[in-house]
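Chain by chain, the residues run as shown.
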Amino acid sequence: MTVQELPGAAAAYRPTPPPAWQPRTDPAPLLPDPEPYRVLGTEAAAGADPELLLRLYAELVRGRRYNAQATALTKQGRLAVYPSTTGQEACEVAAALALQEQDWLFPSYRDTLAAVARGLDPVQALTLLRGDWHTGYDPHEHRIAPLCTPLATQLPHAVGLAHAARLKGDDVVALAMVGDGGTSEGDFHEALNFAAVWKAPVVFLVQNNGFAISVPLAKQTAAPSLAHKAVGYGMPGRLVDGNDVAAVHEVLSDAMARARRGGGPTLIEAITYRIEAHTNADDATRYRGDSEVETWRQHDPIQLLERELTERGLLDDDAKQAAADAAETMAAALRERMNADPALDPMDLFAHVYAEQTTQLREQAALLRAELDAEGEAR
């Protein structure tokens, strides 16, 4: 006879969880707003710093030209692949400008524009996508982690660096960028869980551009929004219009200031759209229509900010032309430098495999050196 079969058992057996089940954190303050936060075109725009808005505008224009030039370089065979951020420039630029000099940026493979806006040489930012054997820049010098191609693996790295910085007493915040597809990876869960438990000074920026290559968001998550995922880890979630550069900058700045004060991590979901294909190897027409793309073109981040600046009398035709000219100068320099073939040394194959070369590597290196010398003498 089981407990449920005992006389009166149904009425008497009323187990309740012990007190430890009670929520450790009030979930209400962690929940994102029901609508994405906006600044441009709202009353909040009146309080935005004009100097900051103008700088954001110049970087957006430069970023759009950078994307166009990098895409052209793939068609010319100068880049192996390029994941464009056309339409997403507001997220990229705002992320770079929200960082302080000592902070670290942890980009994904799509975030070369964020690295360039952070101050990285555009050629160095594209070196990995060119097919070179190294990332193209010194991460410690620029405080930019290597561009991460495996989805979301940069997120635990950002948490580890941020936690270590806090233990050392360094005033450092890590900003980790990831796409909506990366939120379905295990690394995303592990990073957010550790960050919240350790209260690490890290901010997670999810650029929700609608598709993980060809997979729409609805086919990889049933959450109300990606920002809602933050509550399960015990951190605040923020939802922001990812094409409103002023809003993205404000939300990121607030989250980074909170992290710097010891308040712990924040998960920010920026609603944006990938105007171009996933990469130059992708045919986006197979999974979305032109009308959808055109709808998002009407919410272009450059046009949104340009309209605001023009209405406030902060931007005239001369200023627009100056921004366009500066962007063209950057693109011309990038084009010229990328059209020069790099000088390759075959011996670099053995340079950074181990701190100390193994016997086998030394033998292989000697064999290659002998072959190269023989070719040189034959010429």
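Use the structure listed above.
Quick look at the structure, then.

Definitions and limits used
Residues numbered from 1 in each chain as written. Predicted model: local features only at pLDDT ≥ 70, side-chain atom pairs only at ≥ 80, totals over all residues. Heavy atoms only, no water. Helix = DSSP H or I, 4+ residues; strand = E, 2+ residues; numbered from the N terminus. Buried < 20%, exposed > 50% of the residue type's maximum accessible area, 1.4 Å probe, protein only. Contact = heavy atoms within 4.5 Å. Areas by Shrake-Rupley, 256 points an atom, 1.4 Å probe, with all protein chains shown as cover. Lys, Arg positive; Asp, Glu negative; His and termini not counted. Charge placed at Lys NZ, Arg CZ, Asp CG, Glu CD. Polar contact = N/O pair within 3.5 Å; in protein donor to acceptor, adjacent residues only side chain to side chain. Salt bridge = Lys/Arg side-chain N within 4 Å of Asp/Glu carboxyl O. Axes fitted to C-alpha atoms, helices over the stretch in contact; angles between N-to-C directions. Parallel < 35°, antiparallel > 145°, perpendicular 65-115°, else oblique. Left-handed = near helix turned anticlockwise from the far one by under 90°. Pairing = 2+ DSSP bridges. Patch = residues over 30% accessible without salt bridge, like charges linked within 9 Å, V, L, I, M, F, W, Y side chains within 5 Å. Phe/Tyr/Trp six-rings, centres within 6.5 Å; stacked < 30°, edge-to-face > 60°. Lys NZ or Arg CZ within 6 Å of the ring centre and 35° of its normal.

1. Looking at the overall build of the chain
The secondary structure content of the chain amounts to 13 helices and seven strands. Seen through its C-alpha atoms, the chain measures out along the principal axes to roughly 100 × 65 × 50 Å. Here the chain holds 379 residues, and the buried ones make up 44% of them. Put simply, of all contacts in the chain between residues at least 6 apart along the chain, 76% involve residues at least 24 apart. Surface exposure of the chain reaches about 19,200 Å², of which carbon and sulfur atoms provide 53%. Charge-centre separation for the chain: the mean point of 34 positive side chains lies 3 Å from the mean point of 53 negative side chains.

2. Section: the side chain of aspartate 300
Within the element layout of this structure, aspartate 300 appears in the loop between α10 (290-297) and α11 (301-311). Owing to a relative accessible area of 11%, aspartate 300 belongs among the buried residues under this scheme. A polar contact is formed between the side chain of aspartate 300 and the backbone nitrogen of isoleucine 302, at a distance of 2.9 Å.

3. Section: the pattern of salt bridges
Applying the stated criterion across every chain, the model contains 14 salt bridges. Of the charged contacts, one joins aspartate 300 and arginine 64 as a salt bridge, the two residues approaching to 2.7 Å between their closest N and O atoms. Of this pair, aspartate 300 sits in the loop between α10 and α11 while arginine 64 sits in helix α2 (residues 50-75), and the two are 236 residues apart along the sequence. With a shortest N-O distance of 3.7 Å, aspartate 170 and lysine 168 are connected by a salt bridge. Connected via shared salt-bridge partners are Arg64, Glu89 and Asp300.

4. Focus on unusual backbone geometry
Backbone geometry places alanine 152, a non-glycine residue, at a positive phi of 75 degrees. With respect to the helices, strands and loops of the structure, alanine 152 is situated in the loop between α6 (139-142) and α7 (154-168). Residue alanine 152 is classed as buried on the basis of its relative accessible area, which comes to 2%. Unusually for a residue other than glycine, isoleucine 213 sits at a positive phi of about 55 degrees. Along the chain, isoleucine 213 turns up in the loop between β4 (211-212) and β5 (215-216).

5. A closer look at the packing of helix α5 (residues 122-130) against helix α12 (residues 317-338)
Packing of α5 against α12 brings their axes to within 10 Å, and their N-to-C directions diverge by 45 degrees. Taken together, the axis directions place α5 and α12 in an arrangement best described as oblique. When you trace α5 past α12, the crossing you get is right-handed. Facing Pro122, Val123, Leu126 and Arg130 of α5, the residues of α12 in contact are Met330, Leu334, Arg337 and Met338.

6. Concerning the sheet that holds strand β7 (residues 266-271)
Each strand in a sheet pairs with its neighbour through backbone hydrogen bonds, running either in the same direction (parallel) or in the opposite one (antiparallel). The strand order across the open sheet built from five strands is β1-β2-β3-β7-β6, with neighbouring strands paired in parallel fashion. A strand with exactly one partner marks an edge of an open sheet, and here the two such strands are β1 (104-106) and β6 (237-241). Within the sheet, the average angular offset between the axes of one strand and its neighbour, ignoring direction, is 20 degrees. Here helix α8 (residues 186-198) sits on the sheet in contact with β3 (202-208) and β7, set at roughly 150 degrees to β3.

7. Re α5
Listing the buried residues of α5 in full gives Pro122, Val123, Ala125, Leu126, Thr127 and Leu129. On its buried face, α5 is in contact with α2, α4 (112-117) and α12. The positive-phi residue at the C-terminal boundary of α5 is glycine 131, with phi of around 100 degrees.

8. Topic: a nonpolar patch on the surface
Taken together, the side chains of Phe194, Val197 and Trp198 make up a nonpolar region of the molecular surface, amounting to roughly 300 Å² of accessible area. Position of phenylalanine 194 among the secondary structure elements: in helix α8. You can call phenylalanine 194 partly exposed: its relative accessible area is 43%.

9. A look at the packing of aromatic side chains
If you walk through the whole model with that rule in mind, you get five aromatic pairs. Look at tryptophan 104 and phenylalanine 106: their rings are 6.0 Å apart centre to centre, the planes differ by 35 degrees, and that puts the pair in the tilted class. With 5.2 Å between their ring centres and 55 degrees between their planes, phenylalanine 211 and tyrosine 287 make a pair best called tilted. You can see phenylalanine 211 sitting in strand β4 and its partner tyrosine 287 sitting in the loop between β7 and α10, a full 76 residues away along the chain. Look at phenylalanine 211 and you get buried, because its relative accessible area is 9%. If you follow arginine 238 out to its NZ or CZ, it ends over the ring of tyrosine 37, 6.0 Å from the centre.

10. What about the environment of glutamate 250?
One can find glutamate 250 in helix α9 (residues 245-260). Since its relative accessible area comes to 32%, glutamate 250 is described here as partly exposed. Spatially, the C-alpha atom of glutamate 250 lies 19 Å from that of leucine 226, the residues being 24 residues apart in sequence.

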